[in-house]
Amino acid sequence: MNLTLRIWRQSGPTDKGRMVTYQVDDVSPDMSFLEMLDVLNERLILSGEEPVAFDHDCREGICGMCGLMINGDAHGPQRGTTACQLHMRQFSDGDTIDIEPWRARAFPVIKDLVVNRSAFDKIIAAGGYITAPTGSAPEAHSVPVAKADADAAFSSAACIGCGACVAACPNGSGMLFTAAKVTQLSLLPQGQPERYTRVVGMVDAHDEAGFGGCTNTGECTAVCPKGIPLNTIGRLNRDYLAATAKRGGTPGS
């Protein structure tokens, strides 16, 4: 396939940035989207030009690094798929493809298509852990967990922290990510000691990092490559309200 790529180029956080057009020829439909960008970068390097910076790591759809807006869709047109697992057969010969970084105040651009997602790390540091007393590991199955709770916890644990939910949200909210990390622990016995301090701390960290508020538009779940459901945010809200009641006032006060 022969493609026209319109790619966001920004040399640094303070640079204004702009869309730059490139022509890429002889693209195999079996290439992944990132492999296609590799081909472009090889040609740019050979011609003495600056390659396009973009995040990548495992290229197996599990690390969450490959955050790209492709024709206005987080991770591209195929649902439940990360950009690294998106194949060029989803496009047609002669297509023009716009490629941009995540657009959110909490995710400032570092260079080109690379953004700073350390705001997610701050949310995790605020409560994404459990108290683990020292000693030997408990016997397997010694603490029963209801099947429905185990399934819901596993579903939340599938979140890879890519940030597509933030990029797709009209408010730039990271609440689906936060809810997944809160829910994963709140459904299990091991997560109960910090259950209510966790939800308050992580929501406060979410807001302090500059993410917008959740208005339940559902755009986050539409682009989530791991299919985290919207009711995960409902679980977070219930725990947050329970924390409010337990404290007898505003959470965090």
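Before any of the text, the structure's been laid out above.
Below: a short report on this structure. (Residues numbered from 1 in each chain as written. Predicted model: local features only at pLDDT ≥ 70, side-chain atom pairs only at ≥ 80, totals over all residues. Heavy atoms only, no water.)

### Thoughts on the packing of helix α6 (residues 195-208) against helix α8 (residues 231-247)
Helix packing geometry: the angle between the two helix axes and the distance between the axes. Rules: Here, axes are lines fitted to C-alpha atoms. For helices the fit covers the stretch in contact, and angles between N-to-C directions go from 0 to 180 degrees. The way it works is that DSSP assigns letters per residue, a run of H or I at least four long becomes a helix, a run of E at least two long becomes a strand, and they are numbered from the N terminus. In what follows, roughly perpendicular refers to angles from 65 to 115 degrees, roughly parallel to angles under 35, roughly antiparallel to angles over 145, and oblique to any angle outside these ranges. Here is the rule for handedness: rotate from the far helix to the near one, and if that takes an anticlockwise turn smaller than a right angle the crossing is left-handed, while a clockwise turn gives right-handed. Whether two residues are in contact is decided by their heavy atoms, any of which lying within 4.5 Å being enough. Residue polarity follows a fixed list, in which Ala, Val, Leu, Ile, Met, Phe, Trp, Tyr, Cys and Pro are nonpolar, Asp, Glu, Lys and Arg are charged, and the others, Gly among them, are polar.
Contact geometry of α6 with α8 gives a least axis separation of 9 Å together with a crossing angle of 110°. Classed by the angle they form, the pair α6 and α8 counts as roughly perpendicular. The interaxial crossing formed by α6 with α8 has left-handed handedness. Across from Arg195, Tyr196, Thr197, Val199, Val200, Val203 and Asp204 in α6, the residues of α8 making contact are Leu236, Asp239, Tyr240, Ala242, Ala243, Lys246 and Arg247. Counted by class, the contact of α6 with α8 contains eight nonpolar, one polar and five charged residues.

### Quick notes on helix α2 (residues 118-125)
Threshold: For the exposure calls, accessible area comes from a 1.4 Å probe over protein chains only, and a residue counts as buried if that area is under 20% of its type's maximum, exposed if over 50%, partly exposed in between. Starting at the helix axis, one direction is taken to each C-beta atom, and the arc is that of these directions.
Along α2, the residues that are buried comprise Ala119, Phe120 and Ile123. Looking straight down α2, one finds its buried side chains confined to an arc of 105°; they lie on one side. Every exposed residue of α2 that faces more than 90 degrees away from the buried side is listed here: Asp121, Lys122 and Ala125. At its buried positions, α2 is contacted by α4 (164-168), α5 (175-186) and α6.

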